[in-house]
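# Remarks on the overall topology
Residue strings, one per chain:
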Amino acid sequence: MASTKEYRSKKLQFNSKVILFVVAIILVAMTLRTPLTVVGPITSFIRDGLGISNVLAGFLTTIPLLAFAIVSPFAPRVASRFGMEWTLFYSVILLTFGIILRSLGTTSLLLVGTVLIGVAISFGNVLIPSFFKMKYPLHIGLLTGIYTVAMNLSSGLGAGVSYPIANTTVGWQGALAIALVVTIAATLFWIPQLRGEKVQLSSGTSKGAGWSTLIRSPLAWAVMFAMGLQSFIFYTTAAWIPEIYISQGIDAANAGWLFSVMQFAQIPMTFITPIIAAKLTTQRPLVLVFSTFYLIGFTGVLMEWTDYAVVWMIFLGLAGGSSFGLAMMLFTLRTRTAYEAAELSGFAQSIGYLLAAVGPTCFGFIKDVTGSWFVPNTIFIAIAIALLISGYIAGNNKTIHE
């Protein structure tokens with residue numbers, strides 16, 4: 001088996017094999033978001049169709065986040081046993097199976113399928129960054145940029161097409177099943193990756209950092225908080241920004257459009273940031289930039305300067321894309337080997353997504369208690385400052401062993 005050192009000598013040469021690899025990575029990246037974002041716009045269809053409560057309908061978006069938190073720590077061990085390519089392949093198959101179950105039209109299968117979807121996506125979330133470090137370590141920034149752009153584009157497309165499809169004769173079941181197009185394509189394009197030399201996270205006595213090391217490492221905790229806080233901001237703004245703007249006098253259609261502006265503003269930064277981060281000795285300048293963008297955007301929302309709402313959404317989108325792209329890079333930049341990168345990724349995403357999962361619920365509760373969005377909007381600013389601090393520590397040019 002080729003060692004990590006041998007893989008480090010490889011450079012991307014754009015032949016048919018590499019192009020096929022990049023296409024496969026794009027499709028796998030799309031499977032990590034499309035099955036999730038198709039749900040939000042058609043929640044009312046699912047609720048009415050199955051006769052379930054609003055609480056249970058809302059829980060459909062929380063289940064995957066809880067699965068991320070529970071499963072992420074185990075992904076590196078599974079990949080070490082079966083190899084990276086096969087583990088990712090099996091996860092896409094499990095994801096396909098989960099989507100099918102979720103689309104069959106019963107409450108029990110909806111819940112079981114959603115759990116399987118969350119479990120399957122956890123593996124891709126954790127392993128893809130370390131896979132880049134192992135296979136093409138000289139091009140981590142470029143591949144991470146392509147990967148994150150694919151995730152964000154598919155996120156927007158999934159949210160955009162699900163509602164129109166649910167309004168057709170295929171109903172909400174067909175809208176949920178549309179994600180099968182992506183998973184089936186990803187499965188087919190991933191098969192060639194199984195035929196060559198297998199890339200494993202560790203071999204022989206080669207081990208990673210271990211959770212005991214990660215728990216004792218202030219740098220690992222900084223990476224975790226950077227990952228968790230940017231996810232907290234993303235999922236909480238996705239849940240409440242339209243409602244916040246509606247409360248400030250903007251009609252529902254324009255509030256939804258403003259959220260779309262924020263989503264699409266993320267895309268260029270998700271591509272550019274990993275490439276820049278890979279070239280810098282310290283990523284602290286990037287942290288200062290996206291933190292400033294967050295503070296500008298959230299201050300505009302807090303002060304209810306709705307005449308410039310588009311500007312605040314652009315700033316929040318640029319900040320979100322940059323912080324997400326950097327979070328994906330930190331797993332590889334702060335570690336020495338691919339196995340360590342996978343362990344740090346599992347550690348950070350496990351606790352980080354648990355943190356993110358409480359955001360939307362907590363903000364809704366605070367709004368109900370206080371009767372306004374002033375306190376939640378103030379908390380957004382506090383979270384952005386906490387992200388600045390954790391990101392600044394995580395951006396230091398060290399590894400978790402130093």
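This text gives an overview of the structure that appears in the document. Note that this is a predicted model, so its numbers are computed, not measured.

## Concerning the packing of helix H2 (residues 16-31) against helix H8 (residues 107-135)
Each packed pair of helices is defined by two parameters, the angle between the axes and the distance between the axes. Where H2 contacts H8, the two axes come as close as 10 Å, and the packing angle between them is 155°. By the criterion of interaxial angle, the relationship of H2 to H8 is roughly antiparallel. Crossing geometry of H2 relative to H8 is assigned as left-handed. Contacts between H2 and H8 involve Phe21, Ile25, Val28 and Thr31 on the former and, on the latter, Ile121, Ile128, Phe131, Phe132 and Lys135.

## Observations concerning unusual backbone geometry
A positive phi angle, near 60°, is found at Glu304, a position not held by glycine. Position of Glu304 relative to the elements: it lies in the loop between helix H15 (284-302) and helix H16 (309-333).

## Section: H2
For H2, spanning 16 residues, the distance from its first C-alpha to its last is 23 Å, which sits close to the expected 22 Å at 1.5 Å a residue. Residues of H2 that are buried make contact with helix H3 (34-37), helix H7 (84-102), H8, helix H9 (140-166) and helix H11 (180-190).

## Topic: H15
Think of an α-helix as 3.6 residues a turn; residues three or four steps apart then line up on the same face. The end-to-end C-alpha distance of H15, which contains 19 residues, comes to 26 Å, matching closely the 27 Å that a straight helix rising 1.5 Å per residue would cover. Restricting attention to buried positions, one finds in H15 the residues Leu286, Val287, Phe290, Ser291, Tyr294, Gly297, Phe298, Gly300, Val301 and Leu302. Packed against the buried residues of H15 are helix H13 (218-247), helix H14 (252-279), H16 and helix H18 (374-394). Taken from the residues just after H15, Glu304 is the one with a positive phi, measuring 60°.

## What about the packing of aromatic side chains?
Enumeration over the complete set of coordinates arrives at 23 aromatic pairs. An angle of 85° between the planes, with centres 6.2 Å apart, marks the rings of Phe290 and Tyr294 as edge-to-face. Linking Phe290 with Tyr294, this pair stays in helix H15, spanning four residues, or about one helical turn. Here Phe290 and Tyr294 have matching classes, each one buried.

Calculation notes
- Residue numbers here run from 1 along each chain, matching the order of that chain's written sequence.
- With pLDDT at 70 or above as the cut-off, local features in this predicted model cover only qualifying residues; side-chain atom pairs require 80 or more to be listed or tallied, and sums for whole chains, interfaces and linings still use all residues.
- Side-chain numbers here rest on the full set of heavy atoms in the structure, without hydrogens or water.
- Angles shown run from 0 to 180 degrees and are taken between the N-to-C directions of axes, each axis being a line fitted to C-alpha atoms and, for helices, limited to the stretch in contact.
- Only DSSP runs of H or I reaching four residues or more are called helices, and only runs of E reaching two or more are called strands; each is numbered from the N terminus.
- For classification purposes, an angle smaller than 35 degrees is called roughly parallel, one larger than 145 roughly antiparallel, one from 65 to 115 roughly perpendicular, and anything else oblique.
- A clockwise turn of the near helix away from the far one marks a right-handed crossing, whereas an anticlockwise turn of less than a right angle marks a left-handed crossing.
- The contact definition used throughout considers only heavy atoms, calling two residues in contact when any of these lie within 4.5 Å.
- One less than the number of residues in a helix, times 1.5 Å, gives the span that helix is expected to have.
- To sort residues, take the accessible area from a 1.4 Å probe on protein chains only and compare it with the maximum for the residue type: under 20% means buried, over 50% means exposed, and anything in between is partly exposed.
- Each Phe, Tyr or Trp ring (for Trp, its six-membered ring) is paired with any other whose centre lies within 6.5 Å, and the angle between the two planes then decides the class: stacked below 30 degrees, edge-to-face above 60, tilted in between.

It is worth stressing that arrangement in space is one thing and function is another; only the former is reported here.
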